[in-house]
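Structural overview for review
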Amino acid sequence: MSITDRWTSGADYDQWMGRWSRLLAQEFLKWLNLSQGLRWIDVCCGSGVMTEAIFQRNAPASIIGVDISADQINFAREHRARANVSFETADAMSLPFADASFDVAVCGLGLNYIPSPVQGLKEFCRVLRPGGTVALYVWDYEQGARFLREFWDAAQEIDKEAAVFDQAHRFPICTQNGLRSLFQQANLEDLTLHTLDIVTRFASFDDYWQPLLTGQGSAPNYLGTRGQETKAAIRERLRAVLPAISQGVIELPARAWAIRGRCP
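Residues numbered from 1 in each chain as written. Predicted model: local features only at pLDDT ≥ 70, side-chain atom pairs only at ≥ 80, totals over all residues. Heavy atoms only, no water.

**Remarks on the environment of Glu161**
Its location among the elements puts Glu161 in the loop between helix H5 (146–158) and helix H6 (162–165). The exposure class of Glu161 is partly exposed, given its relative accessible area of 45%. Sequence separation between Glu161 and Arg39 is 122 residues, and the spatial gap between their C-alpha atoms is 44 Å. Engagement of the side chain of Glu161 in a polar contact is seen with the side chain of Arg226, the distance being 3.0 Å. (Helix = DSSP H or I, 4+ residues; strand = E, 2+ residues; numbered from the N terminus. Buried < 20%, exposed > 50% of the residue type's maximum accessible area, 1.4 Å probe, protein only. Polar contact = N/O pair within 3.5 Å; in protein donor to acceptor, adjacent residues only side chain to side chain.)

Laid out in structure tokens, this is it:
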């Protein structure tokens, strides 16, 4: 089965995934610890969450966010453009920039959505100066991203077809060994891997459930293909298993794998 995820609303993406990518970006940039005044490209930038974090933390000389979704780019331009921050619609495997245009290329939660990740990484290096930094992070879909794992486990108890949509099944590259292998195939050097840990905090069950109805991203896309009876069964299963603390707040640990390397 061929699965195509929808990424057509920056606002809905922010509600579903952007808020967690924002937390990851802070930890990621802290780990990278790169100097100010560099030229950055943020590939698969989505609604511009990482781009904004770079602007706030790293005082870049310039930063360009690119994404294949024109709707996401329009949202990012409207909400996150600055004097030295711009956004362009572009394919990660064919970036519209000259060789050696940037010092750093980053990608937050996007590598696994590039049709050929190795080709994408090679393209990142093409637009970087020699010795430039490529760094990115992806969710640990198998075990670490609890808010996703709980959803897929509940969905598969109700609907066996959910397994085909499960990101752990779709994206086996999203492991430390998988990322290392991709970077090696792309001829990146001096590889370092790191774990990013955050807590996803939902004010209520509805705060968890409602973003799943937006159709933006893998789990919401799957849910949009199901009938009302299946959706209701998954909702009630999740309501029963998600661990609520005081006043209905739900807190789930979430882990992402980060990796950095140096272009030849």
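**Focus: the sheet that holds strand E1 (residues 39–43)**
One open sheet holds the seven strands; their spatial order is E3-E2-E1-E4-E5-E7-E6, and the pairing between them is mixed. The open sheet has two free edges, formed respectively by strand E3 (85–89) and strand E6 (189–202), since each of these has just one partner strand. Ignoring strand direction, the axes of neighbouring strands in this sheet form an average angle of 20°. Here strand E5 (residues 128–139) pairs with strand E7 (residues 250–262) via seven bridges, running antiparallel. Looking at the pairing, Ala135 lines up with Arg260 of E7. Across the sheet, helix H4 (residues 117–127) touches E1, strand E4 (102–108) and E5, and the angle it forms with E5 is around 145°. (Pairing = 2+ DSSP bridges. Axes fitted to C-alpha atoms, helices over the stretch in contact; angles between N-to-C directions. Contact = heavy atoms within 4.5 Å.)

**With respect to H4**
Burial of H4 is extensive: eight of the eleven residues sit out of reach of the surface. Within the span of H4, buried status applies to Pro117, Val118, Gly120, Leu121, Glu123, Phe124, Cys125 and Val127. In this structure, the buried side of H4 is in contact with E1, E4, E5 and helix H8 (176–185).

**Points about the side chain of Asp166**
Counting through the fold element by element, Asp166 comes out in the loop between H6 and helix H7 (167–170). Of note is the side chain of Asp166, whose polar atom sits 2.8 Å from the side chain of Gln156. Other than its neighbours up to four places away in sequence, Asp166 contacts Arg149, Trp152 and Gln156.

**Details of the pairing of E5**
Among the twelve residues of E5, nine are classified as buried, and the element is accordingly described as predominantly covered. Of the pairings in the sheet, the one linking E4 to E5 comprises six bridges and is parallel in character. What sits directly across from Cys107, in E5, is Leu136. Remark: the E4/H4/E5 crossover connection has right-handed handedness. (Right-handed = clockwise from strand over helix to strand, strands pointing away.)

**Observations concerning unusual backbone geometry**
At Asn187, a position not held by glycine, the phi torsion is positive, near 65°. Position of Asn187 among the secondary structure elements: in the loop between H8 and E6. Of note, Asp190 is a non-glycine position whose phi angle comes to about 50°, a positive value. By secondary structure assignment, the location of Asp190 is in strand E6. For Asp190, a relative accessible area of 55% translates into the label exposed.

**Here's the deal with the environment of Gln26**
You can see Gln26 is positioned in helix H1 (residues 10–32). In this structure Gln26 comes out as partly exposed when scored by relative accessible area, which is 28%. For the pair Gln26 and Ile54, spaced 28 residues apart in the sequence, the C-alpha separation amounts to 8.6 Å. Sequence-distant contacts of Gln26, that is, excluding residues within four places in its chain, are made with Ala53 and Gln56.

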